[in-house]
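What the coordinates show
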Amino acid sequence: MSSPDPQVRAARNQSTSSARPGARGPVVAVTGAASGIGALLIERLAASDEVKQVVAIDERRGECTAARWQILDVRDPAIAEKLRGADVVVHLALDLDLETDAAARTAYNVRGTQTVLTAAAAAGVHRVVLCTSAMVYGALPDNELPLSEDAELRATAEATGVGDLLEIERLARRAPRAHPGLNVTVVRPAVLVGGMDTALTRYFESPRLLVVAGSRPAWQFCHVDDLCSALEYAVLEKADGELAVGCDGWLEQEEVEELSGIRRMELPSAVALGAAARLHRIGLTPSPAGDLAYTMYPWVVSGSRLHDAGWRPKYTNEEVLEELLEEVSGRHTVAGRRLGRKDATAAGAAGATVALLGAAAVVRRARKARRRI
């Protein structure tokens, strides 16, 4: 990466990034700070009287002028020097984009987390806060409602990014043993809403809500603002360990359909899972079949540790669902694939559904393959 030109360096040096004179509290470094959750968190921490200074780390400079910016890739071992003087590191530089190549995504996520943990220990940081997802518990028919933080992580690597998150969880457990004196806190949010694009938010862009026959969906959301407030609790050591975060309670599928006004389309399990697997395998959809499990079975979390520490969510599931529906309004997704407006209109006029479009696509591919042979 080339060094910034002199004007950029001067602008950075002139930014209001110095620590508050006489302020108490930790110096907090945040990776992935230029956008998304990282950008929201550094603004929140910079405004807090309980935080002495914020160090923002990313490959590009963000908009927060109250932070001290360090521009580099989190996989660069030079990050250790940038972390010197920090008390806490919040690692949010993760790539969970549906369109990213899976191998490249894993290489970035796992290598980045490994580097940050090792660098934090070398720099004398005493606490690292990682953010994964409540998806690591797995979506299973025999899950308790709700799950405690201590519940076994029974997810598999079959859903988008979950394999990466499970590996990050493993690194989190191993780090205190490899680096005595380093405390690692893991925050696990429910379905994130607020400028997010995931397989689960795209579920609500479909013309019909796919329901697998015999399944037992239970929907719990987490607003990004509530995640940021939970991360702040972890930064200030008001709560530690494994922390699950989400709205209180959950919504049954029937409640989601009533609130959203979107009708369901029910399919047998073999048809839904088989079609999802085939469509992903031939590259027609970004989501693997494993994503479908998280719309079939519950993975609701209690958030008891944060509640015991005095934290409360600002939003309800109903409010977050309403915001999500506003965000996705005008978008059209079938089988996890975004459609243009003309495609969506044609699909709607023909009464197309996820299953029918998926089956037609598979048949077309098979016919083309046979003709080539």
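Everything here concerns the structure above.
Here is what the cut-offs are and how they apply
- Residues numbered from 1 in each chain as written.
- Predicted model: local features only at pLDDT ≥ 70, side-chain atom pairs only at ≥ 80, totals over all residues.
- Heavy atoms only, no water.
- Helix = DSSP H or I, 4+ residues; strand = E, 2+ residues; numbered from the N terminus.
- Areas by Shrake-Rupley, 256 points an atom, 1.4 Å probe, with all protein chains shown as cover.
- Buried < 20%, exposed > 50% of the residue type's maximum accessible area, 1.4 Å probe, protein only.
- Lys, Arg positive; Asp, Glu negative; His and termini not counted.
- Salt bridge = Lys/Arg side-chain N within 4 Å of Asp/Glu carboxyl O.
- Polar contact = N/O pair within 3.5 Å; in protein donor to acceptor, adjacent residues only side chain to side chain.
- Contact = heavy atoms within 4.5 Å.
- Pairing = 2+ DSSP bridges.
- Axes fitted to C-alpha atoms, helices over the stretch in contact; angles between N-to-C directions.
- Parallel < 35°, antiparallel > 145°, perpendicular 65-115°, else oblique.
- Left-handed = near helix turned anticlockwise from the far one by under 90°.
- Expected span 1.5 Å × (residues − 1).
- Disulfide = S-S within 2.5 Å.
- Phe/Tyr/Trp six-rings, centres within 6.5 Å; stacked < 30°, edge-to-face > 60°.
- Lys NZ or Arg CZ within 6 Å of the ring centre and 35° of its normal.

Helix and strand counts for the chain come out as 13 helices and 15 strands. Accessible area for the chain stands at about 17200 Å²; split by element, carbon and sulfur atoms hold 50% of it.

Attention shifts here to the side chain of Asp58. The residue Asp58 is located in strand β2 (residues 53–58) in this model. It is Arg60 that comes nearest to the buried, bridge-free Asp58 among opposite-charge side chains, at 5.8 Å. At 3.2 Å, the side chain of Asp58 and the backbone nitrogen of Ala33 are in polar contact. For Asp58, the residues in contact, after removing those within four places along its chain, are Gly32, Ala33, Ala34, Ser35, Trp69, Gln70, Ile71 and Leu72.

All right, on to the sheet that holds β2 then. Each strand in a sheet pairs with its neighbour through backbone hydrogen bonds, running either in the same direction (parallel) or in the opposite one (antiparallel). Ordered by their spatial adjacency, seven strands build an open sheet running β3-β2-β1-β4-β5-β6-β11, and the pairing between neighbours is parallel. Sheet topology places β3 (68–71) and β11 (242–245) at the edges, where each strand pairs with a single neighbour. If you compare each strand with its neighbour and ignore which way they point, the axes differ by 20° on average. Pairing of strand β1 (residues 27–31) with β2 involves five bridges; the strand directions are parallel. Opposite Ala29, over in β2, you have Val55 as the bridge partner.

A few words on the packing of helix α4 (residues 102–122) against helix α5 (residues 162–178). One way to put it is that α4 packs onto α5 with a least axis distance of 10 Å and a crossing angle of 15°. In terms of orientation, α4 and α5 fall into the roughly parallel class. The chirality of how α4 crosses α5 is right-handed. On the side of α4, the interface is formed by Arg105, Thr106, Asn109, Val110, Thr113, Gln114 and Leu117, while α5 contributes Asp164, Glu167, Ile168, Leu171 and Ala175.

Looking now at the pattern of salt bridges. A complete count under the given rule lists 16 salt bridges for this structure. Here Arg264 makes a salt bridge to Glu257, at a shortest N to O gap of 3.0 Å. For Arg264, a relative accessible area of 28% translates into the label partly exposed. Note on Glu257: relative accessible area 15%, which makes it buried. The partner of Glu266 in a salt bridge is Arg264, and the shortest N-O contact between them spans 2.9 Å. On the basis of relative accessibility, which here comes to 47%, the residue Glu266 falls in the partly exposed class. Sharing partners across several salt bridges, the network here consists of Glu254, Glu257, Arg264 and Glu266.

With that out of the way, let us pick up α4. In this model α4 runs 30 Å from its N-terminal to its C-terminal C-alpha over 21 residues, within 8% of the 30 Å that 1.5 Å per residue would give. Among all positions in α4, only Arg105, Tyr108, Asn109, Val110, Gly112, Thr113, Thr115, Val116, Leu117, Ala119 and Ala120 are buried. Looking at the packing, one finds that the buried side of α4 touches β1, α3 (79–82), β4 (88–91), β5 (127–131), α5 and β6 (183–189). Gly124, located one to two residues past α4, shows a positive phi value of around 85°.

The next subject is the state of the cysteines. Such a bond, covalent and formed between the sulfur atoms of two cysteines, is termed a disulfide. One pass over the full model with this rule turns up zero disulfides. Its sulfur unpaired, Cys228 is 9.1 Å from the next cysteine sulfur, which belongs to Cys131. For Cys228, a relative accessible area of 2% translates into the label buried. Residue Cys247 stays outside any disulfide, its sulfur separated by 6.6 Å from that of Cys222, the closest cysteine.

Right, let's get into the packing of aromatic side chains. Taken as a whole, this structure holds six aromatic pairs when the rule is applied. Ring centres of Tyr203 and Phe204 lie 5.2 Å apart, and the angle between their planes is 80°; this geometry places the pair in the edge-to-face category. For the pair shown, Tyr203 and Phe204 are each scored as buried. Arranged with centres 5.1 Å apart and planes meeting at 65°, the rings of Phe204 and Trp219 form a pair that is edge-to-face. With Phe204 in the loop between α6 (199–202) and β8 (209–212) and Trp219 in strand β9 (residues 218–219), this residue pair connects regions lying 15 residues apart in the sequence. For the residue pair Phe204 and Trp219, the accessibility class agrees, reading buried in each case. Three or more aromatic residues link up through ring pairs in this structure, and these residues are Tyr203, Phe204, Trp219 and Phe221. Its guanidinium or amino end placed over the ring of Tyr233, Lys238 lies 5.0 Å from that ring's centre, counting from NZ or CZ.

All we've got here are geometric facts, nothing functional implied.
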